Amino acid sequence: MQAFQGYYDGEIIKPLERIPAKPNQRVIITIVDDYVDPDREARVKSMLGVLSKYANPALASQEKGAWESAAVEKHGSV
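Thresholds applied
Residues numbered from 1 in each chain as written. Predicted model: local features only at pLDDT ≥ 70, side-chain atom pairs only at ≥ 80, totals over all residues. Heavy atoms only, no water. Helix = DSSP H or I, 4+ residues; strand = E, 2+ residues; numbered from the N terminus. Rg over C-alpha atoms; globule rule 2.2 N^0.38 Å. Buried < 20%, exposed > 50% of the residue type's maximum accessible area, 1.4 Å probe, protein only.

## Here's the deal with the overall build of the protein
Each helix and strand counted, the protein has 3 helices and 2 strands in total. Here the C-alpha atoms of the protein give a radius of gyration of 22 Å, more than 25% beyond the 12 Å that 2.2 N^0.38 yields for 78 residues. Referenced to the eigenvectors of the C-alpha coordinate spread, the extents of the protein come out at roughly 55 × 30 × 30 Å. Expressed as a percentage of its 78 residues, the buried residues of the protein come to 3%.

In structure tokens:
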């Protein structure tokens, strides 16, 4: 048996994650005394790419070794 999270919107039960169930497969639904914010997913999706206006493609090549360079600069040899 596996457990998955979801919420009841007043009409149907909506999963918060992918459920690998097959059509007509029986499920057990357990009601818990906890509430979720159904608009959270919409807010998260609306934030995707919001920082892209600050991206500098000219600096992308420097990102590959940035962590290693910073560690050597701060601590000496890695």
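Still more ground to cover, so stick around.
## A few points about unusual backbone geometry
The phi torsion of most residues other than glycine is negative, and most of the peptide bonds are trans. One non-glycine residue, N24, adopts positive backbone phi at about 70°. Counting through the fold element by element, N24 comes out in the loop between β2 (13-15) and α1 (40-47). Note on N24: relative accessible area 81%, which makes it exposed.

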